[in-house]
Amino acid sequence: MLKVVELFAGVGGFRIGLEKTKKFEVIWSNQWEPLTKNQQHASWVYENKFGKKNHSNENIEEVDTKVIPDCDVLVGGFPCQDYSVATTLKNSKGLKGKKGVLWWSIERILREKKKKPKYLILENVDRLLKSPSKQRGRDFAVMLSCLNKLDYAVEWRVINAAEYGFPQRRRRVFILGYHKSTKKYKDLLKNPKEWIVEKGTLAKGFPVKKFDKGDILDIKIKGSLKSISDSFGKKDKVSQFKNTGVCVKNKILTYKSTPEFKRNKKNSKNLGDILQDEKDVDNSYYINKSKKVTPKKIKQIDGTVIEIKNEWDKWNYLKGKKSEWKVNKSLGYRYKYGEGKMIFPDDLEKPSRTIITGEGGVSPSRFKHIVKKPKSDERRLTPIELERLNGFPDNHTKLDGVTDAKRAFFMGNALVCGVVEKIGASL
């Protein structure tokens, strides 16, 4: 049984996925939300499901490394708001952002531990590979260099859960580290090209198509962390890091991989497969089409006018195609604004779009999911359905004092438990 320390635990996605394999045991966990110091909802949900024993609800930056027990595996979905696709490139501050700096808590724990974890499993949004916007790939290069200096070999892969049978299109980068004391480190060092395509942990759990080895990009990261931070990616318009790669002894191999998986009804689920029975859905989730809203007429560039009188009009406007003039209030100039039409309601015969943190609440939104079963009206997704899309047990996040909007927020931040389970089984 591999002993696990879970950092940035959220509501326990890593724990659910790993412990489902029966090969891992979480012996210590930490969850702290700095923006709501007196309202630690995620930690409360975690404690409700797994108990308070060996769970820390303190700022990880202030937790003494000596308090954290030695472990075989250190895992964590470290905060990603500064890299998130929900953040504009202008505001993507990366490692220098308020939450990006929490990477250094992971580095500090690994550096100070005399007995270092054998394995690392880290998760983030795929924006990490090209962050920040003015110095593409710098943050990831700094992380790889940190881990190499701490005697870890690293492999990574951007995994879209839907491409391996899960019911949600959710892209996340998974970063695995192997300490030099492990056989996996030696195997990776021996033949890194075979590792990333065929023999590695991620390649075995998430097969990829064969490729021309000439497609592999060879990168070296040299110098101090400061020099890497100052210079890496400075002239690059796109990141050198592709969706798959390895890094050992500051030598990087990276290429764009293609999943080798054919979805069918036996090995995959779609959005429609996870929906609750309509009789179990509260009326508050159905769209009140006749509910009045502040009347509004929006003129399109082609001269047509979109008129909004009720909530149904507003949903259709937000989900629909637009081409209109807008004014930048701070700078005072006019610009063209346009966006394409979204499928509305969402297609039940395909994996869902990515859940975002703003999924909850009754107000109309372009990005919230709307579903419609035959003989039923249009409605939003319930907390249980959002949990199912990430592979959590039904009502995992249900707790007195935790609103349905907050439960949706949790799922917008969570990972797909089944992806973690496959990584754990492969490891």
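Here, every reference points to the structure presented above.
Notes on the structure follow. Every value quoted in this text rests on a predicted model; they were computed, and no experiment measured them. (Residues numbered from 1 in each chain as written. Predicted model: local features only at pLDDT ≥ 70, side-chain atom pairs only at ≥ 80, totals over all residues. Heavy atoms only, no water.)

Now for the packing of aromatic side chains. Enumeration over the complete set of coordinates arrives at 13 aromatic pairs. Seen in terms of ring centroids, Tyr164 and Phe261 are 5.8 Å apart; in terms of plane orientation they differ by 50°. Their pairing is tilted. Here Phe261 lies in the loop between β10 (251-255) and β11 (292-299) and Tyr164 lies in the loop between β6 (152-160) and β7 (171-179), a separation of 97 residues in the sequence. Of the residues examined, Tyr164 reaches a relative accessible area of 5% and is grouped as buried. Taking relative accessible area as the criterion, Phe261 reaches 28% and is therefore assigned partly exposed. Measuring from ring centre to ring centre gives 5.6 Å for Tyr178 and Trp195, while their planes differ by 80°; the resulting arrangement is edge-to-face. Highlighted residues: Tyr178 in strand β7 and Trp195 in helix α6 (residues 192-199), separated in sequence by 17 residues. Neither residue differs from the other here; Tyr178 and Trp195 are each classed as buried. Across the ring face of Trp312, the terminal group of Lys289 is positioned such that the distance to the ring centre comes to 4.3 Å. Note that Lys322 overlies the ring of Tyr317, its terminal NZ or CZ placed 5.1 Å from the centroid. (Phe/Tyr/Trp six-rings, centres within 6.5 Å; stacked < 30°, edge-to-face > 60°. Helix = DSSP H or I, 4+ residues; strand = E, 2+ residues; numbered from the N terminus. Buried < 20%, exposed > 50% of the residue type's maximum accessible area, 1.4 Å probe, protein only. Lys NZ or Arg CZ within 6 Å of the ring centre and 35° of its normal.)

Nonpolar side chains collect at one region of the surface, where Leu331, Tyr333 and Tyr335 lie side by side and expose about 310 Å² of accessible area between them. Of note, Leu331 is situated in the loop between β13 (322-327) and β14 (334-339). With a relative accessible area of 61%, Leu331 lands in the exposed category. (Patch = residues over 30% accessible without salt bridge, like charges linked within 9 Å, V, L, I, M, F, W, Y side chains within 5 Å. Areas by Shrake-Rupley, 256 points an atom, 1.4 Å probe, with all protein chains shown as cover. Salt bridge = Lys/Arg side-chain N within 4 Å of Asp/Glu carboxyl O.)

Next up on the list: the environment of Gly76. Along the chain, Gly76 falls in strand β4 (residues 73-76). Residues Gly76 and Phe8, 68 residues apart in the sequence, show an inter-C-alpha distance of 5.5 Å. Residues contacting Gly76, with those up to four places away along its chain left out, are Leu7, Phe14, Ile121, Leu122 and Glu123. (Contact = heavy atoms within 4.5 Å.)

Quick look at the side chain of Gln135 now. Among the structural elements, Gln135 can be located in the loop between β5 (119-125) and α4 (138-149). We classify Gln135 as buried; its relative accessible area is 9%. There is a polar contact of 3.0 Å between the side chain of Gln135 and the backbone oxygen of Phe232. Apart from the residues within four sequence positions on either side, Gln135 is in contact with Ile228, Ser229, Asp230, Ser231, Phe232, Gly233 and Lys234. (Polar contact = N/O pair within 3.5 Å; in protein donor to acceptor, adjacent residues only side chain to side chain.)

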